[in-house]
Structures are given as C-alpha cells and as structure tokens.
Amino acid sequence: MTILVEHFVSDSRVDEKKVTEERDDELVLDGGFVVPKSKETDAFDAPDMNFLGHSFRDYENGESERQQGVEEFYRMQHIHQTYDFVKKMRKEYGKLNKMEMSIWECCELLNNVVDESDPDLDEPQIQHLLQTAEAIRRDYPDEDWLHLTALIHDLGKVLLLPEFGGLPQWAVVGDTFPVGCNFDSANIHHKYFKGNPDINNPKYNTKNGVYSEGCGLDNVLMSWGHDDYMYLVAKENGTTLPHAGLFIIRYHSFYPLHKAGAYTHLMNDEDRDDLKWLHVFNKYDLYSKSKVLVDVEQVKPYYISLINKYFPAKLKW
C-alpha cells in the first residue's frame, strides 16, 4: 500500500513523500514509526497487548518487579499528594524561574527521563512523545494543534531532573486526581489513600470538598505533577494553542475522569466539550507506545514549524 505523508520545513509546505509498505496490518509513518492499522478503516487500531506482553494499564500483575515498583509508586503518591502540598508546588513552580529554553530543547532533555509509574513502556520519554504525535498526525492530518499537543503533553516530566528541583517520581508522574475533595474509588490503588491526612479532614473528605458542583475543572486543584506544570508553562508563556489543547495537557493523566467517568459533577459545559478531544487523544497516548523508534531528525523539521506557530522562541520554565 502507499501512504502519503507531508513534510514541513519551517512554515512552508514541500513535496509529499511516498512511503511504500507491503504488510496489510501496519502503517509506516514519517520517521519510520510503525503502528497497527484497522483492516476496515485504515486508521490507527489499538493493540490488545503492550510490548511487555501484558494488557495496557495492567496494575494487577504483581508478579513482575516493574509492577511491584509501580504499586509502591502509587502508595507514595496517594499518601503525599495533599491539598496543601499542591498549593505549595503551584506557588513555587508558578514562578517559572527554573530555566529559559525552547520547546524543542525541552524535548531533548527528556532523553534523560524514564517514567517509573508507567507499566507499559521503559523507553526515554522523547520517543513516547513522537510516537503519540506521529500516530495522531496520520489520522488527523488537518489538526496540527493536536499534533503539537501530543508532542509537548509530557514535557513537564523535566521536573524529575536536578535543574528543575529533582522532584521524586510521585510528585511528577502517574495518574492524577483532584485534591480538596473525596478521593474517588476509581483511582488506581485507592487503598493507599488511607495514609493521606486529607482523608480525615472534614473540609476535604466530602464529595464536593472545597468546590461546588459544576464549578469547572479550571477551578479545581489537581494532584501536582507534569500535567499541571506543563499547563502552567504553556498558559503563562502565551501559547496560542486552543483551549482543548491546554485541557489535554492538564488532564491527560486524569484517568479517573476520562476512563472511569469519576468527578464529572465538578465539570462545566466547556469541560464536556474539551473532554471529547481528550478521549480522541488518549487512545494515541496510551496505545502508540512501542519498541519501534521514530527517527527524530527526520520528523524534527515538521514539529519545529508547529512550535514556531504556537509558541514563542524561548519560554520561561
């Protein structure tokens, strides 16, 4: 089969490149990244198993050393992510005084990061960003803002690096959830919230907690991590990404909401509209993880063009 994939250099369009692939069940995208294809639609088709041979987001396979590490991660996260902790982190990192650099420079920093909370992948994070972006680019060629959102959605994981404070994994990665209200049972490894001091605080341990029904997620404090940090960086540096892009960045790890339907009582109409795009994004974020790597230099010109379109040359971090 023949697939047409467009290359971009800066903001100008150049000739399309033809990629020929003989296998009927795979698509070869720009940069050499192979993704599974639906025989019915030619679109991205989510696989049943991750590269480790387990179901995606399988948190019950306690036999493996990696799964045991993931469970210990969530034990620590659930104990320490309190309302006061989140307010402290947002105040500190909202200063954006750690570094000044471009989006692509931040992407390259992720070569030094591996997410210990992820049961599906142990590759450096820059590959996950490009795998997600390339898979979305294939199915949504006209939504360039979504391609860029995919590229940058995990950049906040630089919080793990020493120059950003070297925060522990439980304060950077993993599923996110609101603080300041009851911890819904849909949260992964919910049992460990029993060690969180907020669970005994009557101000925080009710369904609404410090919020009101329908207040909108923009008014809700989420557990601190890379999602919220990158949202603050993008917003405060004046990105022109649409609101749906910022919503995806801030809530892509909010699995209790977009997979289990928890906390919907806090949403407003704008949240419900944006959630539709998050559902689109999530399939690619989760299921595009692969041991087949993207050729970074080959796809770089296209993503540089998108960065220039939606962000300033240098950002404060």
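None of these values were measured; they are calculated from a predicted model. (Residues numbered from 1 in each chain as written. Predicted model: local features only at pLDDT ≥ 70, side-chain atom pairs only at ≥ 80, totals over all residues. Heavy atoms only, no water.)

Caption draft 1: Examining the overall build of the protein chain more closely. Counting its secondary structure elements, the protein chain contains 10 helices and 8 strands. Every one of the 317 residues in the protein chain was classed for burial, and the buried ones make up 55%. In the protein chain, of all internal contacts separated by at least 6 residues, the share reaching a separation of at least 24 is 74%. For the protein chain, the computed accessible surface area is about 13600 Å², with 47% contributed by carbon and sulfur atoms. (Helix = DSSP H or I, 4+ residues; strand = E, 2+ residues; numbered from the N terminus. Buried < 20%, exposed > 50% of the residue type's maximum accessible area, 1.4 Å probe, protein only. Contact = heavy atoms within 4.5 Å. Areas by Shrake-Rupley, 256 points an atom, 1.4 Å probe, with all protein chains shown as cover.)

Caption draft 2: Representation of empty space enclosed by the protein. For the structure shown, the criterion picks out 2 cavities of 30 Å³ or more. Size it by volume and the second largest cavity reaches roughly 30 Å³. Around the second largest cavity, the lining residues are Asp218, Tyr231, His243, Leu246, Phe247, Arg250 and Tyr251. At 5 residues, helix H7 (residues 243-251) tops the list of elements feeding residues into the lining of the second largest cavity. Each residue belonging to the lining of the second largest cavity can be placed in one class, and the counts come to 4 nonpolar, 1 polar and 2 charged. (1 Å grid on protein atoms, 1.4 Å probe; cavity = no way out; pocket = protein on both sides within 12 Å on 5 of 7 lines; lining within 4 Å. Points joined across faces, edges and corners; volume = space filled by probe spheres on them. Nonpolar A, V, L, I, M, F, W, Y, C, P; charged D, E, K, R; others polar.)

Caption draft 3: Spatial organisation of the UniProt feature "binding site: substrate" (unreviewed entry) in the protein chain. As annotated by UniProt and renumbered to match this structure, "binding site: substrate" (unreviewed entry) occupies Arg57, Asp115, Glu116, Ser117, Lys157, Gly174, Asp175, His252 and Ser253. Positionally, Asp175 belongs in the loop between helix H5 (144-152) and helix H6 (226-236). The buried category is assigned to Asp175, whose relative accessible area is 6%. (UniProt positions renumbered as here; feature names shortened; annotations may be inferred.)

Caption draft 4: Structural context of the UniProt feature "binding site: Fe cation" (unreviewed entry) in the protein chain. UniProt feature "binding site: Fe cation" (unreviewed entry): in the numbering of this structure it lies at His128, His153, Asp154, His226, His252 and Asp285. Inspection of the secondary structure assignment puts His128 in helix H4 (residues 125-139). A relative accessible area of 3% means that His128 is categorised as buried. Its location among the elements puts His252 in the loop between H7 and helix H8 (255-258). Residue classification places His252 among the buried positions, given a relative accessible area of 2%. Discounting chain neighbours no more than four positions away, the residues touching His252 are His153, Asp154, His226, Asp227, Phe247, His258, Leu278, Phe281, Asn282 and Asp285. A distance of 3.2 Å separates the side chain of His252 from the side chain of Asp227, its partner in a polar contact. (Polar contact = N/O pair within 3.5 Å; in protein donor to acceptor, adjacent residues only side chain to side chain.)

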